[in-house]
Every structure is written in structure tokens, then in C-alpha cells.
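One letter stands for each residue in the lines below.
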Amino acid sequence: VAINEEEYTLDFMAALDLAVLLVGSNCLGALNHVLLSLQALRLKGLRPAAVVLMAPEEPEGLSAGERHDRERILADNPEFLRRRLAAWGEDAPVVVLPRVARLDAAGWQELADACAVLLPALSRHVPSLTGRQAPAGEEEPLPLRDRRILWHPYTSVVDPLPVFAAARSHHNRIVLDDGRELVDGMSSWWTAIHGYNHPRLVAAAQRQAGRMPHVMFGGLTHAPAVELGERLLTMLPQGLARVFLADSGSVSVEVALKMALQYQQGIGQKQRTCFLTPRGGYHGDTTGAMSVCDPVTGMHCLFTHMLPRQIFMERPSCRFDQPFDPASLDDARRIFAEQGERIAAVILEPLVQGAGGMWFYHPDYLRGMARLCREHGALLVFDEIATGFGRTGTLFAAERAGVCPDILCCGKALTGGVMTLAATACTEEVAQGICRDGMVFMHGPTFMGNALACAVACASLDILAEGRWQEQVAMLETALTAGLAPCRELPQVEDVRVLGSIGVVETTRPVNMAAMQDFFVRRGVWIRPFNRLVYVMPPYVSPREDVERLCAAMHDVLSLPGMLA
Ligand SMILES: *Cc1c(COP(=O)(O)O)cnc(C)c1O
């Protein structure tokens, strides 16, 4: 039932997060109503605790044969529902309530007896129904169970940072399993640009899941993959022509590196086996990607013997918001002059160095770098995994520089944060070079072109193509700029910078992550700082007052003692 223009009773039930008791009538034709209601619950991620069927009144004047048929149908309804629920893996009991002749004490007793089986089913969701809390041990908190067996990103199992249990999400909110609702400032690491559980993304996933979640991409293709490739090429910088669908950002970087190496071999430049990349970069955690991450923060010392040796140049030094300084390309120019013939490609994150320091630099650097690459026979690879799909204020960061790279990686926001998927696009020239003399491109992940992920990505790109992201990101930029300005006055703050919908406060010393995270959660916001960076990149759909809340929380946490190491 619709409550208003946007919400249904289902949303209300989801918000309450109590046990769901589905009541239907046990009559001819009622089965489809009950089944549709069950289906609606399932699609909303709600599970029925129990199903109750009410016995109908018996029509008068039935013949013995008619009565017999009717009784058989009514007896079959609950049986059918039980089989259906079992097939879905639901353990909700199906209870048929008798029709009592009179609601006297005996009538009530009869109903109560029939309902007895409901109590344990419901009390699993509502412990207070039975007047006692669930016994300890039976319902051990998730973080404790997690802590015994699971790894988290970049953490120790011996001394892990605390984790919070998330139960559900909607719009720009993450709801913890204790009911606390947090304003999200992270878009789950750049991904959930349209907010969580966007109805069009959820519908696309459900539609594709019911039709064909995945088939191998060797020898087979399908509409979601082809349509995604076509849509991407209309959005990516002009000049890119071929798309490789990878399963994560790191893999798309591996693919880009292999493309560059195979291209150079294909055109007879076999000595070009190295990559040139700026310090402060981040390109992923797989081996090839790690080799081009910043050699210090990327912890190269742990893997020295395994990583290919690449060439590092100074990080782009001129700020985004200051006039371009041509000297910022001097180091690149020197390296190209000295060992340019070894370089297969330059790989960098255009405009924003993300996980390597949230550093925003001048777009002219990219124009200069493109020229150097062309002069010295190196390819240019843009890693737009973080910057892609509108985050910096243009659809891709490359647009600001008016540069089309030879190879471009995107991922993260590609599916609007629903599924893991990435893509590596290259120019026709690169593709033809790779495939010269009967060569093939040597990569093919098992889950390449995953139909479920492609279908969701198509829906996400459709939402982007409608263009509302532009005003949303512009509003976020204004709100972040105003909201974070007071942080400049704080002694613990080194720098404040905003670009598009990314807001960064750099601190003078590394943050105390656990203390800060705890403060933020108590303030009702989800912000995850690291190293000397407290930063946000909220979902594009975030209301202005929520952005103000994020900024105020960042300011207040940095005003407190004990928040820096
Ligand atoms: C996140 C990121 C990656 C790695 O992507 P994963 O999906 O985590 O493998 C690579 N490059 C950049 C710029 C990123 O931000």
C-alpha cells in the first residue's frame, strides 16, 4: 500500500525492522495475493516470520460434492505455501486459523491454541514478546563473530580496528544493526553515487537475476554487456573505441598494463617494458598494479622481489587551484630524455591522486604529459577508477584537460555501488597494435562481462545520462567549500581542499582512526579517515543539510584533543 508519493508500507516495515507477520485469507483465489505479498517482501529484503491464513465463512447451500472440492482446495492452499516457502529457503510457519462459532472463552482459547506456534517464530525477531532477552551466546554480536574469522581491508587480525555491523541502507544513509542511522560521507569508497538501494539499480539487478545472472564470456555475448560497451563509449573521452570488461579496478589496471606491453611488442618496440608513474599514486592491490603505486605508501619494501621495477617521477606539484607551473613536468622530461626508449607507458590518476593522498593537481599537467608521451613513443594510461562518472565535476577528469588517453580504466562508481565491475577502454590504434600478426590479447577473467553487473551498470549510466548529477555535484562542491572552510582555522589542520564532490581536510599528523571513527558514529555520520586525511565524497543525492552535518562533524572532531596520533 502506498503511504505517500514515494513510500510504501514496505518501506515503513523496513524502517521498523520488526518481525513481519503476513495475514491472508484462505479462500479461492487468495493464493496469488499471498504469493505476491511474499514476493514483495522478499524483493524488499524482508523475511516473513510467519504466514497466517484466516478460514473464510462457508457459503450457504453447497452440495456435498461442492463442499468436498472446496475443502480440498482450502486444505491445499497452506500446503502449497509451505512448499513454496521451503523452496525459497524460508522457515516461516504457515498457520490456518479456525473459524470460531462464538468469540467466547472457548473460542478465544481455540484461536490462542492455533496461534501458539507463532510465538516462537515471532519472538526470534522480537525478544521482548517472550518477556526475556535472547540468551547470551545464541545471539553473539556480529562484530565478535567477524573478529574471530574475517579479514578486513588493511587490518591486523591480532589487533584489529573495531567494525560496526551494518543492517541496511537507503538513499544516503547506512543503518547499523542496533538501529542507529548514519549519514554516509564515503559513498562506500566512491561507488554509491546515486545513493544506496536506488530503485532503478535494484530493479535492474532483480530483472537480470531472474533472466540470466551470468554466462561465460568466451564464445557467448549478451545484451547487458553489448549495451554497456556502447553506453560507455558514448560517455568516455572521444577516441576510445574498444572495451574490456574486468571484474574489479585492480584487474582493469592489470589489463591496461598488459595492453600497453602487448601493444609495444606488437609494433616492434620490444625494449619498452617499463612504466613511468608519478609518486603518490594508487592503482590497486594486485601485483602489477602495486608496482605502479607509490613506492613508500604502497609498501613496496614488503614485496620487492616480486614486483616489477618501474620508474617513478615527482608527483604533480602544482595545485589544482593555482596557476600552472610548467616546471612540474621537468622531472618527467628528464626521465624521458634519459631512458625514454624503455618506457611502454605512463600511468597516472588524472587530476586527483586518490588513496595515495587525496591530492588535486592542475589539468595542464595532463596536457603536457600527453605531449611528452607522444614525442617519446610511450602510451598514456589514465586510471579514472576513482575520478570517473562525475565525481570531480566533469564526467571524466580527462575532460578538464581535453586529453584522450590511449588507455583508460574505470570502475568503482560504474555500477552505482551495487556490483563489482570495471572496464579498460583503449583506442583503435592500440587494439590494432596488440592484435597485429594474428596476436590475441592475453586476458580473460572467469567473470568477465558478468551480466548481472553489466545490467546494473547500464541502469546507473542511464541515470547519469539524465544529467542531474551536474547540479548535484555542483551543490556538493558549494556546500563542502562553505562547510569545511572553518577547519582552516584549526591548529591540527594542514590544508583544506575541495574539488567537485570531494572534500579533504589534511591534518598535521596521522589521525587516531579508532577514536575518530567512534566519534563520527556517535555523531550519526559515516566518515572513514586514514593517515593524515579526513575526507568525504558523499553520494550525489545527499541533501545539503546532510553535507553540512558531515562538515560540522569533521570540524568538531578536529577541534578535540587526542584525535591525532
Ligand atoms: C580503488 C582504485 C583502484 C583499485 O580498484 P579495486 O576495485 O579496489 O581493485 C585502482 N585505481 C584507483 C585510482 C582506485 O581509486
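To be clear, the structure that these remarks concern was listed above.
Residues take numbers from 1 onward in each chain, read along the sequence in its written order. Where local features are concerned, this predicted model is filtered to residues with pLDDT of at least 70; where side-chain atom pairs are given and counted, the filter is 80 or more; whole-chain, interface and lining totals use all residues. Only hydrogens and water are set aside when side-chain values are computed; all heavy atoms of the structure are taken into account.

Participant: So what about the overall build of the chain? Which residues, and what values?
Facilitator: Put simply, DSSP marks the helices as runs of H or I at least four residues long and the strands as runs of E at least two long, and each gets a number from the N terminus on. Helix and strand content of the chain: 19 helices and 19 strands. With the principal axes as the frame, the chain shows a C-alpha extent of 100 × 65 × 45 Å. Contact definition: two residues touch when any of their heavy atoms are within 4.5 Å. Counting only contacts in the chain whose residues sit at least 6 apart along the sequence, the fraction spanning at least 24 positions is 71%. In this description, accessible areas are obtained by the Shrake-Rupley approach with a 1.4 Å probe, and a residue is regarded as covered only by the protein chains that are shown. As displayed, the chain has an accessible area near 27400 Å², and 56% of this comes from carbon and sulfur atoms. By the counting rule applied here, Lys and Arg register as positive and Asp and Glu as negative, while His and the ends of each chain are not counted. To locate a charge, take atom NZ for lysine, CZ for arginine, CG for aspartate or CD for glutamate. Once the 51 positive and 63 negative side-chain charges of the chain are each reduced to a mean point, those two points are 3 Å apart.

Participant: Can you tell me about the site of the ligand, naming the residues and giving the values?
Facilitator: Only a single heavy atom is needed: when it lies within 4 Å of a molecule or strand, its residue is near that molecule or strand. Taken together, S248, G249, S250, Y282, H283, G284, E349, D383, I385, A386 and K412 make up the full set of residues near the ligand. Between N or O atoms, a polar contact is any pair within 3.5 Å; within protein, one atom must be a potential hydrogen donor and the other a potential acceptor, and residues adjacent in sequence are included only when both atoms are from side chains. At a separation of 2.5 Å, an oxygen atom of the ligand approaches a polar side-chain atom of S250. K412 places a side-chain nitrogen or oxygen 2.6 Å from an oxygen atom of the ligand. Relative to its unbound accessible area of 380 Å², the ligand is 82% covered by the protein chains.

Participant: Explain helix α12 (residues 330-339) residue by residue, including any values.
Facilitator: For an α-helix, 3.6 residues make a turn, and residues three or four places apart therefore share a direction. Among all positions in α12, only D331, A332, I335 and F336 are buried. Buried residues in α12, looked at end-on, bunch into an arc of 135°, giving them a common side. The exposed set on the far side of α12, more than 90 degrees from its buried face, consists of A337 and E338. In this scheme, a residue with accessible area under 20% of its type's maximum is buried, one over 50% is exposed, and one in between is partly exposed, where area comes from a 1.4 Å probe on protein chains only. Each direction from the helix axis to a C-beta atom contributes to the arc, which is the arc of those directions.

Participant: Which residues make up the packing of aromatic side chains, and what values go with them?
Facilitator: Between rings of Phe, Tyr and Trp, where Trp is taken as its six-membered ring, a pair exists when centres lie within 6.5 Å; planes separated by under 30 degrees are stacked, by over 60 edge-to-face, and by other angles tilted. Tallied over the full model, the rule gives 6 aromatic pairs. Both rings, one in F164 and one in W526, keep their centres 6.1 Å apart while their planes meet at 80°; by these two values the pair is edge-to-face. One end of the pair, F164, is in the loop between α6 (142-149) and β4 (166-170); the other, W526, is in strand β18 (residues 525-526), and 362 residues separate them in sequence. A ring pair is formed by F519 and F520, whose centres lie 6.0 Å apart and whose planes are at 70°; its orientation type is edge-to-face. We call a charge positioned over a ring when the NZ of a Lys or the CZ of an Arg lies within 6 Å of the ring centre and within 35 degrees of the ring normal. Over the ring of W359 we find R315; its NZ or CZ atom is 4.2 Å from the centre of that ring.

Participant: Account for the packing of helix α8 (residues 199-211) against helix α16 (residues 451-465), with residues named and values stated.
Facilitator: Axis separation between α8 and α16 bottoms out at 8 Å; the angle between their running directions is 150°. By the angle between their axes, α8 is roughly antiparallel relative to α16. Considering the relative orientation of α8 and α16, their crossing is right-handed. Facing R200, L201, A204, A205, Q208 and A209 of α8, the residues of α16 in contact are A451, L452, A455, V456, A459, S460, D462 and I463. Residues were grouped as follows: Ala, Val, Leu, Ile, Met, Phe, Trp, Tyr, Cys and Pro as nonpolar; Asp, Glu, Lys and Arg as charged; and all remaining residues, including Gly, as polar. Tallied by class, residues from the contact of α8 with α16 come to 10 nonpolar, 2 polar and 2 charged. Throughout, an axis means a line fitted to C-alpha atoms (over the contacting stretch in the case of helices), and angles, computed between N-to-C directions, take values from 0 to 180 degrees. Oblique is the label for every angle not falling under 35 degrees (roughly parallel), over 145 degrees (roughly antiparallel), or within 65 to 115 degrees (roughly perpendicular). A crossing counts as left-handed when the near helix is turned anticlockwise from the far one by less than a right angle, and as right-handed when that turn is clockwise.

Participant: Kindly report on the side chain of R497, identifying the contributing residues and their values.
Facilitator: By secondary structure assignment, the location of R497 is in strand β16 (residues 493-499). By relative accessible area, which is 5% here, R497 ends up buried. At a separation of 2.7 Å, a polar atom in the side chain of R497 contacts the side chain of D495. The contact partners of R497, leaving out residues within four places of it in the chain, are R319, G357, M358, W359, F360, I502, G503, V504, E506 and L533.

Participant: Residues and numbers for α8, please.
Facilitator: Helix length check: α8, at 13 residues, gives a terminal C-alpha distance of 18 Å against a target of 18 Å (1.5 Å per residue), a fit within 8%. Along α8, the positions that sit buried rather than exposed are L201, A204, A205 and Q208. Buried residues of α8, viewed axially, fall in a sector of 95°; they line one side. In α8, the exposed positions angled more than 90 degrees off the buried face are occupied by P199, R207 and G210. On its buried face, α8 is in contact with α9 (223-235) and α16. Under the convention used throughout, the expected extent of a helix is 1.5 Å for every residue step, that is, one less than its residue count.

Participant: So what's going on with unusual backbone geometry? Residues and values would help.
Facilitator: The phi dihedral of W190 is positive, around 75°, even though this residue is not glycine. Inspection of the secondary structure puts W190 in helix α7 (residues 187-190). W190 gets classed as buried once you look at its relative accessible area, which sits at 7%. In this structure, F389 takes a positive phi of about 65° despite not being glycine. Among the structural elements, F389 can be located in the loop between β13 (379-383) and α14 (398-401).

Participant: Go over the environment of K412, please, and point to the residues and values.
Facilitator: Examined against the element boundaries, K412 turns out to sit in the loop between β14 (407-410) and β15 (422-427). Look at K412 and you get partly exposed, because its relative accessible area is 28%. Considering only alpha carbons, one finds K412 and N32, 380 residues apart in sequence, at a separation of 40 Å. Among residues more than four places away in sequence, those in contact with K412 are W189, W190, T191, I385, A386, G417 and L421.

Participant: Tell me about the sheet that holds strand β6 (residues 181-184), and please be specific about residues and values.
Facilitator: Here we have 4 strands laid out as an open sheet, ordered β4-β5-β6-β18, and mixed in their pairing. The sheet terminates laterally at β4 and β18, the two strands that pair on one side only. Strand direction decides the pairing type here: β4 and strand β5 (residues 173-176), joined by 4 bridges, are antiparallel. The residue bridging S169 from the neighbouring strand is I174, located in β5. One bridge is not enough; two strands pair if DSSP finds at least two bridges between them.

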